[in-house]
Amino acid sequence: QDPFVAFHLDKTLVRKYMSPLLIGELAPDQPSFEPSKNKKLVEDFRELRATVEKMGLLNPNRIFFMLYLCHILVLDIAAWLTIWYFGASTVPFLFSAVLLGTVQAQAGWLQHDFGHLSVFSKSKWNHWVHKFVIGHLKGAPASWWNHLHFQHHAKPNCFRKDPDVNMHPLFFALGKTLSVELGVQKKKFMPYNHQHKYFFIIGPPALVPLYFQWYIFYFVIQRKQWVDLAWMLSFYIRFFLTYLPLLGVKGILGLHLLVRFIESNWFVWITQMNHIPMHIDYDKNVDWFSTQLQATCNVHQSFFNDWFSGHLNFQIEHHLFPTMPRHNYWKVAPLVKSLCAKHGIEYKCKPLLTAFADIVHSLKDSGELWLDAYLHK
């Protein structure tokens, strides 16, 4: 029930689609609550959810999102004007690349808002604008994002259920349990005891330019998502038409690769700081609140941290209430903290640079656990 309530705006409409999936109902004498879940915590969280709704914290301030979109468009235009006015020499070229990298990162956070249905009251309005923001401003497909991201939210850090931890075991050994398991099985796809070093090479710099750029086109063509493909092509057509006269073919390809490199570093550090250092394991089928709290942590609030991370520094609140508009996370945070305190659950919140460092530390720790198990167990 809790994931269903968390993900959907129009619950009546979704129930119509779910009715063919009904296979039966429990008999009156059958237990309706799973023993792996904390019943009191579930009840308290549902009470918190009701409080959140009464406080109006699920209601968006559309001016906030409009201004956010405007600041992205202004940066996009400024990047082009920089090269148009100052020429294609090194300094304006690099400055323009930084502006465009910022556009890509910030458009990534904004498409995330529309993808989670947190801007408009109607799901279809969110979906329409989502296609524009992720498709035309970023050159990526909305269908691909939806396909992966909601699996992540349903079972964060659950191996074989959260696609965000699919890098285990091919590239990284993640989490204490899974790393030891890998070592005991004598599996070595990579030298995991060095993964905290090679993370800097194959992690942040490479994800968007080397992986996403070809995979997303494969995804939309394979699944025949032609509307998404049209939006993606509109991004590339606009980019090439506006920058080709100023930079030529080599210049525009260099600019595009550099922008993707900046975006990739930004994206990976922000998205992984809340999850990789946390508990990673197989799905234990615990309650919604516990599932999210063991897999997520927060980063301290500041104007810069909010902007730089797209408010994903409030990852705990975002995971508990995925349709909540991000400008309200700070309002619900004290309520979440008090519920954690009541049930003895740790509410982790750390400085930004500490959160970055913890990614590397956790990779080092799990790599050492793998090596010990690989050699001695």
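Residues numbered from 1 in each chain as written. Predicted model: local features only at pLDDT ≥ 70, side-chain atom pairs only at ≥ 80, totals over all residues. Heavy atoms only, no water.

- The name given to the chain in an unreviewed UniProt entry is Fatty acid desaturase 1, with the source organism recorded as Charadrius vociferus.

### As for the overall build of the chain
Reasoning step 1: From N to C terminus, the chain includes 16 helices and two strands.
Reasoning step 2: The C-alpha atoms of the chain give a radius of gyration of 22 Å, which matches the 21 Å a tight globule of 377 residues would have.
Reasoning step 3: With the C-alpha coordinates aligned to their principal axes, the bounding extent of the chain is approximately 75 × 55 × 40 Å.
Reasoning step 4: Here the chain holds 377 residues, and the buried ones make up 49% of them.
Reasoning step 5: Pairs at least 24 residues apart make up 72% of the contacts formed inside the chain by residues separated by at least 6 positions.
Reasoning step 6: Split by element, the accessible area of the chain, about 18,700 Å² in all, is 66% carbon and sulfur. (Helix = DSSP H or I, 4+ residues; strand = E, 2+ residues; numbered from the N terminus. Rg over C-alpha atoms; globule rule 2.2 N^0.38 Å. Buried < 20%, exposed > 50% of the residue type's maximum accessible area, 1.4 Å probe, protein only. Contact = heavy atoms within 4.5 Å. Areas by Shrake-Rupley, 256 points an atom, 1.4 Å probe, with all protein chains shown as cover.)

### Concerning the state of the cysteines
Reasoning step 1: Within this structure, the stated rule accounts for zero disulfides.
Reasoning step 2: The thiol of Cys 297 is not disulfide-bonded; the next cysteine sulfur, from Cys 349, is found 8.3 Å away.
Reasoning step 3: We classify Cys 297 as buried; its relative accessible area is 0%. (Disulfide = S-S within 2.5 Å.)

### Some words on the side chain of Asn 157
Reasoning step 1: Structurally, Asn 157 can be placed in the loop between helix H7 (142-154) and helix H8 (176-184).
Reasoning step 2: There is a polar contact of 3.0 Å between the side chain of Asn 157 and the backbone oxygen of His 275.
Reasoning step 3: Leaving out residues up to four positions away in the same chain, Asn 157 has contacts with Asp 162, Val 165, His 275, Met 278, His 279, Ile 280, Asp 281 and Ala 295. (Polar contact = N/O pair within 3.5 Å; in protein donor to acceptor, adjacent residues only side chain to side chain.)

### A closer look at the UniProt feature "transmembrane region" (unreviewed entry) in the chain
Reasoning step 1: Following the UniProt record, the feature "transmembrane region" (unreviewed entry) maps to residues 63-87, 93-110, 198-221 and 233-259 here.
Reasoning step 2: From the first C-alpha to the last, residues 93-110 spans 25 Å; its make-up is 100% helix and 0% strand. (UniProt positions renumbered as here; feature names shortened; annotations may be inferred.)

### Re the UniProt feature "domain: Fatty acid desaturase" (unreviewed entry) in the chain
Reasoning step 1: Within the UniProt annotation, "domain: Fatty acid desaturase" (unreviewed entry) is assigned to residues 92-348.
Reasoning step 2: Within the segment residues 92-348, helix and strand shares are 65% and 1% respectively, and the terminal C-alpha atoms sit 41 Å apart.

### Details of the nonpolar core
Reasoning step 1: Of all hydrophobic cores here, the largest spans 52 residues; its most connected members are Tyr 243, Leu 255, Ile 270 and Met 273.
Reasoning step 2: With eleven residues, helix H11 (residues 226-273) is the largest single contributor of residues to this core.
Reasoning step 3: In this view, Leu 255 contacts Phe 93, Ala 97, Leu 100, Phe 239, Tyr 243 and Leu 247; residues no more than four positions away in its chain are not counted.
Reasoning step 4: In this structure, Ala 6, Leu 58, Phe 314 and Ile 316 belong to the second largest nonpolar core, which totals 23 residues. (Core = buried A, V, L, I, M, F, W, Y, C linked by side-chain atoms within 4.5 Å.)

### Considering helix H4 (residues 62-86)
Reasoning step 1: Its 25 residues give H4 an end-to-end C-alpha distance of 36 Å, which sits within 8% of 36 Å, the value for a rise of 1.5 Å per residue.
Reasoning step 2: By the burial criterion, the buried members of H4 are Phe 65, Tyr 68, Ile 72, Leu 75, Asp 76, Ala 79, Thr 82 and Ile 83.
Reasoning step 3: Elements that come into contact with the buried residues of H4 comprise helix H5 (90-115), H11 and helix H13 (303-308).
Reasoning step 4: The opening residue of H4, the one whose side-chain oxygen lies 3.1 Å from the backbone nitrogen of Ile 63, is Asn 61. (Expected span 1.5 Å × (residues − 1).)

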